[in-house]
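Per-entry structural report
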Amino acid sequence: MAETLRVGIAGLGTVGASVVRVLKEKEAELTRQCGRSITVTAVAARDKNRDRGIDLSGVEWFDDARALAASGKIDVFVELIGGANGVAREAVEAALHAGHHVVTANKALLSQQGLALAEIAEEKGVLLNYEAAVAGGIPIIKTMRESLAGNTINRVFGILNGTANYILTRMEQEKLSFEDCLADAQRLGYAEADPTFDIEGNDTAHKLSILTSLAFGTQISPDDIYLEGISNITQADIQAASELGYRIKLLGVAVRTESGIEQRVHPTMVPTASVIAQVHGVTNAVTVETDILGELLLSGPGAGGNATASAVIGDIADIAKSRPGFQHGPVFGRPARELTPYQRARMRSHEGGYFIRLTVDDRLGVFAAIATRMADNRISLESIVQHASNHAGEGQKTIILVTHETTEAAVRKAVEDITADGHLTDKPQVIRIERAA
Ligand SMILES: NC(=O)c1ccc[n+]([C@@H]2O[C@H](COP(=O)([O-])OP(=O)(O)OC[C@H]3O[C@@H](n4cnc5c(N)ncnc54)[C@H](O)[C@@H]3O)[C@@H](O)[C@H]2O)c1
Ligand SMILES: N[C@@H](CCO)C(=O)O
Ligand code: NA
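Residues numbered from 1 in each chain as written. Chains lettered and ligands numbered in written order. Predicted model: local features only at pLDDT ≥ 70, side-chain atom pairs only at ≥ 80, totals over all residues. Heavy atoms only, no water.

On to the sheet that holds strand β6 (residues 128-129), then. A sheet is described by the order of its strands in space; here 6 strands give the open sequence β3-β2-β1-β4-β5-β6, paired in parallel fashion. Two strands bound the open sheet, and with one partner strand each, they are β3 (60-62) and β6. Here helix α4 (residues 86-97) sits on the sheet and contacts β4 (76-79) and β5 (101-104); the angle it forms with β4, its principal contact strand, is near 165°. Across the face of the sheet, helix α12 (residues 305-321) comes into contact with β1 (5-10), β2 (38-44), β4, β5 and β6 while running at roughly 165° to β5. (Pairing = 2+ DSSP bridges. Helix = DSSP H or I, 4+ residues; strand = E, 2+ residues; numbered from the N terminus. Contact = heavy atoms within 4.5 Å. Axes fitted to C-alpha atoms, helices over the stretch in contact; angles between N-to-C directions.)

Shown next as C-alpha cells:
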C-alpha cells in the first residue's frame with residue numbers, strides 16, 4: 001500500500017474540528033477507498049489549550065499556520081481559517097510554493113485571489129481543491145468542473161448561503177424575528193465570523209463569482225456583482241409574497257446575456273410551487289442550465305461542521321487517490337491563463353418580473369396615480385392590489401404591484417416618479433421575480 005497521506009490543518013473551529021473528528025472516525029473506510037491511509041500529522045490554531053472535543057495526541061502543533069503550510073512534513077495543507085487576506089492567504093500561497101496540495105473552504109479568499117492561486121497551483125502541478133467553499137456539502141464544483149465537460153452553460157443560480165435561507169425560512173414558518181433567527185444560525189455554526197457577509201449577500205456573491213468562472217470560463221470578478229442582502233425583508237413582504245403564490249429566497253444568479261454576463265445577488269420571489277421554493281433552512285440548492293444536459297438541480301446541506309467536513313474530506317480523498325507525476329486538471333475547469341476577462345452586463349438592462357410594495361397615504365386618487373406612472377414607463381402589470389394588511393399605519397394603506405417582464409431601468413424610473421409625486425409614507429420595497437421550474 002502507498003505511504004500515508006500526511007495532512008496539515010490550519011484553523012480548528014467549526015469546520016476544522018469536524019474534519020479532524022470525521023477523518024479519525026472514518027479512517028478505515030477512507031483507507032479502503034483511497035488505497036492509502038490519510039493521517040492528520042500537524043495542526044495550527046490560535047489556542048493550544050482550548051478543548052475542541054477532538055483527539056490531537058501525536059499531532060504536531062504549529063503556532064503559525066504559515067510555518068505549517070511550508071513544512072516538509074505534510075503532503076496536503078488544509079486551510080480552514082477564513083478571510084480573503086492575512087494569514088489564510090499567506091499560508092495557502094506558502095503551501096502552493098512549497099509544492100503541497102491545498103484544500104480550502106474559503107470562498108472569500110478564492111473569490112479575491114482565486115486566479116493568482118490557480119496560476120501557482122497549475123505551475124507547480126499541485127491540486128487546489130475547494131468543494132466546501134461553494135454550497136457546503138453539495139458536490140457542485142466537482143459536477144461543474146468534471147461532469148459537465150462539453151456542456152455550454154447559460155444560467156447558474158441558487159440558494160448559496162445557509163444562514164440567510166435559515167433566517168428566511170424561520171421568519172416565514174415561525175414568524176420569528178430576524179435577530180433571533182440569526183443568533184440561532186450563529187449558535188449552530190452556520191454563520192461567517194462576520195455575519196453581515198451572510199445577511200448582506202457578500203458570501204453568496206463570493207460563491208457566485210466562483211460558479212460564474214466555472215460556468216462561463218471567465219476570470220473571477222467578485223466586485224462586478226449587483227448586491228442586495230436580506231436585512232430589509234420584513235414580515236410584510238414574506239406575507240404578501242405568500243398570498244401572491246411566491247416565496248422569498250436570497251439567490252445568486254449568473255446568466256449569459258447578449259451584452260455580457262449578468263451576476264446578481266438579491267432577495268428574490270420564486271413561485272411557491274417551484275422546486276427551489278421547497279428548499280428550507282440551512283439547505284442550499286444550485287440549478288445549472290446547459291445545452292446538452294438541460295436543467296440540473298443539486299440540493300443539500302449548505303453549512304455546518306459535518307456537511308462542510310464531508311466536502312473537505314472528499315477533496316482530501318481525491319488527493320490521496322492521485323499519483324505523483326499525474327497531470328491534474330485546471331483549478332477553474334480551464335487553465336487559469338486562458339480564462340477570459342469578465343464582461344459585465346449592466347444591471348439596468350436586467351429583464352424580469354417585479355414585486356413592488358408601496359406604503360401610501362390613504363387618499364382618493366393615489367391608486368390611479370400609481371397605475372398611471374407604471375403605464376408612463378411602459379410597465380405592464382400582472383396585478384395591482386390594495387392590500388388589506390395590518391402593516392401600514394393609521395391613515396396609510398399598502399399597494400402591491402406585480403409586473404410582467406420589464407426592465408430594471410423602467411422599474412427604477414417608475415419608482416422614482418412615484419416617490420417624487422409625494423404619495424409614499426415609507427421606503428418602497430422592490431423585489432425581483434426569478435423564473436424557476
Ligand atoms: N461553518 C460553515 O458552515 C462553513 C461552511 C463552508 C465554508 N466555511 C468556511 O470555512 C472556513 C472556516 O469556517 P468556520 O466556520 O470553521 O470558522 P470558525 O471561526 O469556527 O473557525 C476558524 C478558526 O480559525 C482560527 N484562526 C483564526 N486565525 C488563525 C490563525 N492565524 N492561525 C490559525 N488559526 C486561526 C480561529 O481561532 C477559529 O477557531 C471559513 O473560510 C468559512 O467561510 C464554513
Ligand atoms: N456562512 C456560510 C457557510 C457556508 O459557506 C453559510 O451560511 O452558507
Ligand atoms: Na460544495
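Glancing now at the coordination of the sodium ion (ligand 3). Donor atoms from the polypeptide that coordinate the sodium ion (ligand 3) comprise E131 (O), E131 (OE), V134 (O), G136 (O) and I138 (O), at 2.3 to 2.6 Å from the metal. Each donor residue of the sodium ion (ligand 3) belongs to the same chain, with the gaps between them written as E-x2-V-x1-G-x1-I. When its relative accessible area of 6% is taken as the criterion, E131 is described as buried. Residue classification places I138 among the buried residues on the basis of a relative accessible area of 3%. (Donors = N, O, S within 2.8 Å, 3.2 Å for Na, K, Ca; no water. Buried < 20%, exposed > 50% of the residue type's maximum accessible area, 1.4 Å probe, protein only.)

This next bit is on the domain arrangement of the chain. Structurally, the chain comprises domain 1 (5-137 + 305-338), domain 2 (153-300) and domain 3 (354-433). Placing a centre on the C-alpha atoms of domain 1 and another on those of domain 3 gives a separation of 51 Å. (Domains from an automatic or database assignment.)

Tallied over the entire structure, the rule returns 2 cavities of 30 Å³ or more. By volume, the largest cavity is sized at about 60 Å³. Along the walls of the largest cavity sit L168, T169, E172, I238, A241, S242, Y246, R247, I248 and K249, which together make up its complete lining. Where the lining of the largest cavity is concerned, the elements lending two or more residues are α7 (162-174), α11 (235-243) and β9 (246-257). With 4 residues, β9 is the single largest residue contributor to the lining of the largest cavity. Its boundaries defined by the atoms lining it, the second largest cavity holds a volume of some 30 Å³. For the second largest cavity, the full set of lining residues is D224, Y226, E262, Q263, R344, A345 and M347. A breakdown of the residues in the lining of the second largest cavity according to their chemical character gives 3 nonpolar, 1 polar and 3 charged. (1 Å grid on protein atoms, 1.4 Å probe; cavity = no way out; pocket = protein on both sides within 12 Å on 5 of 7 lines; lining within 4 Å. Points joined across faces, edges and corners; volume = space filled by probe spheres on them. Nonpolar A, V, L, I, M, F, W, Y, C, P; charged D, E, K, R; others polar.)

The next thing to look at is the site of ligand 2. Close to ligand 2 lie K107, N161, G162, T163, Y190, A191, E192, D198, D203, K207, G302 and A303. For ligand 2, an oxygen atom lies 2.5 Å from a polar atom in the side chain of K107. One of the backbone nitrogen or oxygen atoms of Y190 is found 2.7 Å away from a nitrogen atom of ligand 2. Contact with the protein chains removes 94% of the 250 Å² of surface that ligand 2 exposes when unbound. When each cavity is represented as a set of grid points, ligand 2 is found to reside in the largest pocket. Going through the elements one at a time, α7 and α10 (202-216) are the ones with two or more residues in the shell around ligand 2. Taken together, the residues that form the shell around ligand 2 break down as 3 nonpolar, 4 polar and 5 charged. (Near = heavy atom within 4 Å. Polar contact = N/O pair within 3.5 Å; in protein donor to acceptor, adjacent residues only side chain to side chain. Areas by Shrake-Rupley, 256 points an atom, 1.4 Å probe, with all protein chains shown as cover. Sits in = over half its atoms within 2 Å of the grid points.)

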